[in-house]
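Notes for the structure review
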Amino acid sequence: MRNGWRFQLPIYCKIHSRSVKVLIEQVQIEDGFLDGLDVRFAAGLNVLIGARGTGKTSLIELIRFALGAPAFTDDAARRGHQQALSILQGGQVTVVLRDGEDRFVVTRGARDELPRSTGPISPVTVLAQSEIEAVGAQTSGRLHLIDRFRPNLGEADQRRSHLTSTLRSLTAEISGVRDELRSINEQILALQTVRSERLDAVTQQQNFLKSIEATTSDREELVDLQVRAAALAVRSAVYERATATLGNFRLALLSIAEGLREIEEWPDSAGASDLLIGVRRRSNEAAQALRGTIGIVESAETEVKRLNEQNSEDQLTTDERARATRRTFDELQAGAGALTRRVEILTEQEAQLGVLEDLANYRVARVTELQTLRRQVFEELERVLAERFESRINIANRLNDDLGPEIRTEVIESGMTNGYANVIAAALRGSGLHYNTLAPLFATHMSPLELVEAVESNNVQAITEVVEITTERAMNVISYLQFRNLSDLIAAPIDDAVELSLLDGVDYKDSDNLSIGQRCTVVLPVLLSGHGELLIIDQPEDHLDNAFITETLVERLRERKKGDQFILASHNANIPVLGEADFVVRLGSDGRRGFVEHAGQLDAPETVRAITSVMEGGVEAFERRAVFYHGVLGDSHG
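First, a word on what this report is: a plain description of the structure on this page. What you see is a predicted model; the values in this text were computed from it and never measured.

Here the focus is the overall build of the chain. When its secondary structure is counted, the chain shows 20 helices and 14 strands. Here the C-alpha atoms of the chain give a radius of gyration of 37 Å, more than 25% beyond the 26 Å that 2.2 N^0.38 yields for 638 residues. Across its three principal directions, the C-alpha atoms of the chain cover 140 × 70 × 35 Å. Expressed as a percentage of contacts within the chain between residues at least 6 apart in sequence, the contacts between residues at least 24 apart total 73%. Approximately 32,100 Å² of the chain is accessible, and the part contributed by carbon and sulfur atoms is 50%. One finds the centroid of the 70 positive side-chain charges in the chain at a distance of 2 Å from the centroid of its 96 negative side-chain charges.

Now the structure itself:
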């Protein structure tokens, strides 16, 4: 059995799935504390340095804000967004991205809900100080670590999202058809004795007509009127169903039409020529076509109404003729009219029963057709998820080769079922069942499709065979879920789980059981391995000792792949110097505004002076430490 469904990726203006690396080339800020800031970045390792309060963290949060990058915790997302708005003070941030030889611009103002971009925005990982250890602590964070290295991530997620939406749509349609079928079956049940009752009544009528010596023509007319009345009654029911169907269709179209908005007129301040003429024309054509479709549906409703009115007139005429015939028979024998009327009613009901049975058969066939199609879509989704799992396994294997044996990465297929369990619990809430106990059982043992199909088919055995609950409880679950939104169940979020472990002596400790510092020592090497998306980290040295920084973190930075871009804000000189930074940016502040004091390559004299001043406490402090170390350790460590 496979259960794997949804991994929520951040929403961008467009999803970028090309293999070419997209890099940040320039960031410009207007208004606020960093007003006028214009900083460029290079490919490779970029390090932001500066005293506290100069805007390093603010710059990182503004980049996150501009690109719409996600946060790993709700608290980090809230604080980062608030900080970005506070720094901008109504202004905007612009990021220039380079994709090979192409450049495009992303702009986002304080009042913009989403970024505005001239090109596709590539996924980016941004980590604030408090987020690094949270990545290792959260299942979604660990999964994102792996997915940073997956190729064509956006394309694969779009395929999965499309298939999931199709499953939701098919399940909703199945529910609608099943509701109709349930109503039809209730009507059939109410008429189940009609055929035998009519047969008895017709036999009585024939015997009665013989006894009163009714003429052959009277008998033929009577049968003809009864058959005609039945046909007219069936037509009336058909017209009513057609009217309801067309009415619902028209209301749905009107709902769409009410949501239409005209594209605004081109303002003079935007330039002399209207660049939206073609777009506006096509929009108006679409709106006109929709109005035309509504008119066609209304015309169809009018035609059905006319046919129904004509049918009502025919029913009145037929009823009048039938009453006259009944009066004739009553004159011959008291009670003959009542018996004749009973046969008329039963004939009409038998005709209705036949139509309902045909409708029921059609609805059953439609449900079967939809369920077959849904199963095919589900199987395609499973293939997509299998490909995703294999991709993650390959990444985990590469990470283990690169980081093992100290750090171990494992991917568990469909191991993250909490979201699915939550959907089941929500569906069972109010049922009186112990949903907090039942939901994890179902999420662990039954895929969404298996559960939904069991509910739709009232298959109690399918549940009791897989989930260890009593038949009575299974029946209660099914009877309750049959009237709930099964579309939510079929699209329940399930994903692979990722476990990160640190070798502690001879045993591995899961990241959930590690200290904050240990968790960071696991997460950072994974972040810096391979050839992942753009990575921005605020003060990665937090919670780390200098030995780990120099022996592991710096080595990972030095082993970076060509084309990778890292932007790190740091107070530790080992990161830019021993990490062989490609570009260093020093930020300064006069208390009112932050600005760039210097930006250049690592070996530029001004860069060296900036690192020495900001990160080493000045040249004199650095030299005094060097003399002290040399005096204590001597030439043996020189």
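This paragraph deals with the packing of aromatic side chains. Tallying each qualifying case throughout the model produces zero aromatic pairs. Over the face of the ring belonging to F65 we find R108, whose NZ or CZ atom lies 4.1 Å from the ring centre.

On to the packing of helix α6 (residues 194-211) against helix α7 (residues 216-258). Here α6 crosses α7 at 155°, and the two axes come no closer than 12 Å. Here α7 runs roughly antiparallel to α6, going by the angle between their axes. α7 is crossed by α6, and the crossing has right-handed handedness. Note on element contacts: α7 touches α6 through R219, L222 and Q226, opposite Q205, L209 and K210. By residue class, the composition of the contact of α6 with α7 is two nonpolar, two polar and two charged.

Counting through the fold element by element, L222 comes out in helix α7. Taking C-alpha positions, L222 is 7.4 Å from A322, a pair spaced 100 residues apart along the chain. The contacts of L222, once residues within four sequence positions are left out, are Q205, L209, T325, F329 and T340.

Rules used throughout
- Residues numbered from 1 in each chain as written.
- Predicted model: local features only at pLDDT ≥ 70, side-chain atom pairs only at ≥ 80, totals over all residues.
- Heavy atoms only, no water.
- Helix = DSSP H or I, 4+ residues; strand = E, 2+ residues; numbered from the N terminus.
- Rg over C-alpha atoms; globule rule 2.2 N^0.38 Å.
- Contact = heavy atoms within 4.5 Å.
- Areas by Shrake-Rupley, 256 points an atom, 1.4 Å probe, with all protein chains shown as cover.
- Lys, Arg positive; Asp, Glu negative; His and termini not counted.
- Charge placed at Lys NZ, Arg CZ, Asp CG, Glu CD.
- Phe/Tyr/Trp six-rings, centres within 6.5 Å; stacked < 30°, edge-to-face > 60°.
- Lys NZ or Arg CZ within 6 Å of the ring centre and 35° of its normal.
- Axes fitted to C-alpha atoms, helices over the stretch in contact; angles between N-to-C directions.
- Parallel < 35°, antiparallel > 145°, perpendicular 65-115°, else oblique.
- Left-handed = near helix turned anticlockwise from the far one by under 90°.
- Nonpolar A, V, L, I, M, F, W, Y, C, P; charged D, E, K, R; others polar.

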